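Structural description and commentary
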Amino acid sequence: DLPLCASRVVREPKPEFPQAQRVQDGVGAVLLKLRFDEAGGVQRFAVVTSAGGPEFRQSVAAVAPSWRLEQDGATVQGPCRMGRDVFLQVIYRYI
């Protein structure tokens with residue numbers, strides 16, 4: 001089994017703060033599990049848990065497929081694999 005490649009995020013569109021939550025409690029969080037493929041794209045994702053209402057989950061789900069990784073060329077030391085599972089937490093605060 002090849003080791004994981006060092007990678008960096010090259011595309012990470014920010015989810016929008018849900019309009020309906022801007023006038024209510026204004027706080028939310030979403031924990032995602034993302035599977036990146038060998039090309040660095042999101043192969044699949046799932047919401048592990050969330051707080052603050054379904055609008056926050058929907059906002060993150062709208063942009064998660066667009067996130068991308070690429071191999072960090074400065075740390076290449078032979079064959080490696082890009083495919084991996086990543087947990088990502090998105091926290092919202094409306095101030």
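The rules behind the values
- Residues numbered from 1 in each chain as written.
- Predicted model: local features only at pLDDT ≥ 70, side-chain atom pairs only at ≥ 80, totals over all residues.
- Heavy atoms only, no water.
- Salt bridge = Lys/Arg side-chain N within 4 Å of Asp/Glu carboxyl O.
- Helix = DSSP H or I, 4+ residues; strand = E, 2+ residues; numbered from the N terminus.
- Phe/Tyr/Trp six-rings, centres within 6.5 Å; stacked < 30°, edge-to-face > 60°.
- Buried < 20%, exposed > 50% of the residue type's maximum accessible area, 1.4 Å probe, protein only.

The next thing to look at is the pattern of salt bridges. Tallied over the full model, the rule gives three salt bridges. Ionic pairing is found between E70 and R8, a salt bridge with its closest N-O pair at 2.3 Å. Taken together, the residues E70 in strand 4 (residues 68-71) and R8 in strand 1 (residues 7-11) connect sequence positions 62 residues apart. Linking R35 and D85 is a salt bridge whose minimum nitrogen-to-oxygen distance equals 3.7 Å. With a gap of 50 residues between them, R35 in strand 2 (residues 27-36) and D85 in strand 5 (residues 84-93) connect regions that are remote in the sequence.

The tally for this structure, following the rule as stated, stands at four aromatic pairs. Pairing F17 with F56 gives two aromatic rings, centres 5.6 Å apart and planes at 85°, and the pair type is edge-to-face. Placement of the pair is F17 in the loop between strand 1 and strand 2 and F56 in helix 1 (residues 54-63), with a sequence separation of 39 residues. When sorted by exposure, F17 lands in the same class as F56, which is buried. When the centroid spacing of 5.5 Å and the interplanar angle of 85° are considered together, the rings of F17 and Y92 count as edge-to-face. Of this pair, F17 sits in the loop between strand 1 and strand 2 while Y92 sits in strand 5, placing them 75 residues apart in sequence. Accessibility assignment for this pair places F17 and Y92 in one class, buried. Grouped by ring-pair contacts, the aromatic residues F17, F56, Y92 and Y94 constitute a single cluster.

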